[in-house]
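As a plain string of letters, each chain reads:
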Amino acid sequence: MTQALPKGGNAAIAQADPTARALFVGLSWEAPPAMSSVVIDASVFLLNADGVVRDDSDFVFYNQEADISGAVYRLPTDELDRTQDQDGFVVVLSALSEDVRRLAFCLTLDTASTSNATFGALSWVQARLVNHDSGQEFLRYRDNDDVGPENCLDRRRVYRHPNGWKFKAVGAGLRWRLPQALAAHFGVCWLPMRIRPARMWR
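Here the structure is a predicted model, which means the values were calculated and not measured. (Residues numbered from 1 in each chain as written. Predicted model: local features only at pLDDT ≥ 70, side-chain atom pairs only at ≥ 80, totals over all residues. Heavy atoms only, no water.)

Concerning the pattern of salt bridges
Summed over the entire model, instances satisfying the criterion amount to 9 salt bridges. With its nearest N and O atoms 2.9 Å apart, the salt bridge here joins Arg54 to Asp58. Given the relative accessible area of 0%, Asp58 is considered buried. Across the pair Asp99 and Arg54 runs a salt bridge, and its minimum N-O distance is 3.0 Å. Here the residue Asp99 occupies a position in the loop between β7 (87-92) and β8 (102-110), and Arg54 occupies one in the loop between β4 (39-47) and β5 (59-60), the gap between them amounting to 45 residues. By sharing partners, the salt bridges in this structure join Asp85, Arg128, Glu137 and Arg140 into a single network. (Salt bridge = Lys/Arg side-chain N within 4 Å of Asp/Glu carboxyl O. Buried < 20%, exposed > 50% of the residue type's maximum accessible area, 1.4 Å probe, protein only. Helix = DSSP H or I, 4+ residues; strand = E, 2+ residues; numbered from the N terminus.)

Structure below.
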């Protein structure tokens, strides 16, 4: 059974699903027709105890789809269940280095062509945790009414706790754009050329 988290809530992954060794973190949202041309980018930052990346390979997004260890990678398009998720990442918990303390899952509007677009126009934003081996969803967080005039959302974290990994429904919105300001905030120095794949996540 899926456990729904409120804003700010957290849950122990091992308690929610004791068999989960690899996670799929699915991300989805509902946008109005007026935003049909706006691209929403998903990314993950592997953070150390200081809240920054260890190096630039800890920034996983559409132009760098896995970290150097392969512990975190973006799920290929043809493997997504598009009835459930518009984007998503696999996290192999046992393969994460001990100095990776948190994973920040972010969504950002690419407003190059629509500069006034914000997440406030979305009906909802959702993250769900799925046991990647069994396919069973066990945690979900849907933000229905607290998405404001931001173009970046940092609203979901997987973090290391003394008793094991936990999932937290973070409630932070930022007026930044990927990759410049958001990446710099998390300590990324190298900003890869923006060569977008021939797809749009809506």
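That shown, we press on.
Section: the packing of aromatic side chains
Describing an aromatic ring pair means giving the distance of the ring centres and the angle of the ring planes. Evaluated as defined, the whole model comprises 5 aromatic pairs. Note on Phe45 and Phe59: the rings are 4.8 Å apart at their centroids and 5° apart in plane angle, and the pair reads as stacked. With a gap of 14 residues between them, Phe45 in strand β4 and Phe59 in strand β5 connect regions that are remote in the sequence. The exposure class assigned to Phe45 is buried, which follows from its relative accessible area of 0%. Their ring planes at 35° and their centres at 4.5 Å tell us that Phe45 and Phe186 sit as a pair that is tilted. Here the residue Phe45 occupies a position in strand β4, and Phe186 occupies one in the segment after α2 (180-185), the gap between them amounting to 141 residues. Take Phe45 and Phe186: they sit in the same class, and that class is buried. By way of ring pairs, the aromatic residues Phe45, Phe59, Phe61, Tyr62 and Phe186 are connected into one cluster. It is Arg142 that lies over the ring of Trp124; its NZ or CZ is 3.8 Å from the centre. (Phe/Tyr/Trp six-rings, centres within 6.5 Å; stacked < 30°, edge-to-face > 60°. Lys NZ or Arg CZ within 6 Å of the ring centre and 35° of its normal.)

Quick notes on the layout of surface pockets
A volume near 190 Å³ is recorded for the largest pocket. For the lining of the largest pocket, the elements supplying multiple residues, two or more each, are α1 (13-16) and β12 (164-168). If you tally residues by element for the lining of the largest pocket, the top one is β12, at 3 residues. Here the residues of the lining of the largest pocket sort into 7 nonpolar, 4 polar and 2 charged. (1 Å grid on protein atoms, 1.4 Å probe; cavity = no way out; pocket = protein on both sides within 12 Å on 5 of 7 lines; lining within 4 Å. Points joined across faces, edges and corners; volume = space filled by probe spheres on them. Nonpolar A, V, L, I, M, F, W, Y, C, P; charged D, E, K, R; others polar.)

Digging into the environment of Gln86
Inspection of the secondary structure puts Gln86 in the loop between β6 (72-74) and β7. A residue is classified by how much of its surface remains accessible, and Gln86, at 11% relative accessible area, is buried. Of the polar contacts made by the side chain of Gln86, one reaches the backbone oxygen of Trp29; its length is 2.9 Å. (Polar contact = N/O pair within 3.5 Å; in protein donor to acceptor, adjacent residues only side chain to side chain.)

Some remarks on the nonpolar core
Counting residues in each nonpolar core, the largest one holds 40 residues, and the members touching the most others are Ile13, Val72, Leu96, Leu103 and Phe167. For this core, the secondary-structure elements that each account for two or more residues are β3 (22-30), β4, β7, β8, β9 (124-131), β10 (137-143), β11 (152-161) and β12. Not counting residues up to four positions away in its chain, the partners in contact with Val72 are Val44, Leu46, Val60, Glu65, Ala66, Asp67, Val90, Val91, Leu96 and Leu103. Judged by nonpolar contacts, the second largest core, of 13 residues, contains Leu47, Val53, Ala104 and Cys106. (Core = buried A, V, L, I, M, F, W, Y, C linked by side-chain atoms within 4.5 Å. Contact = heavy atoms within 4.5 Å.)

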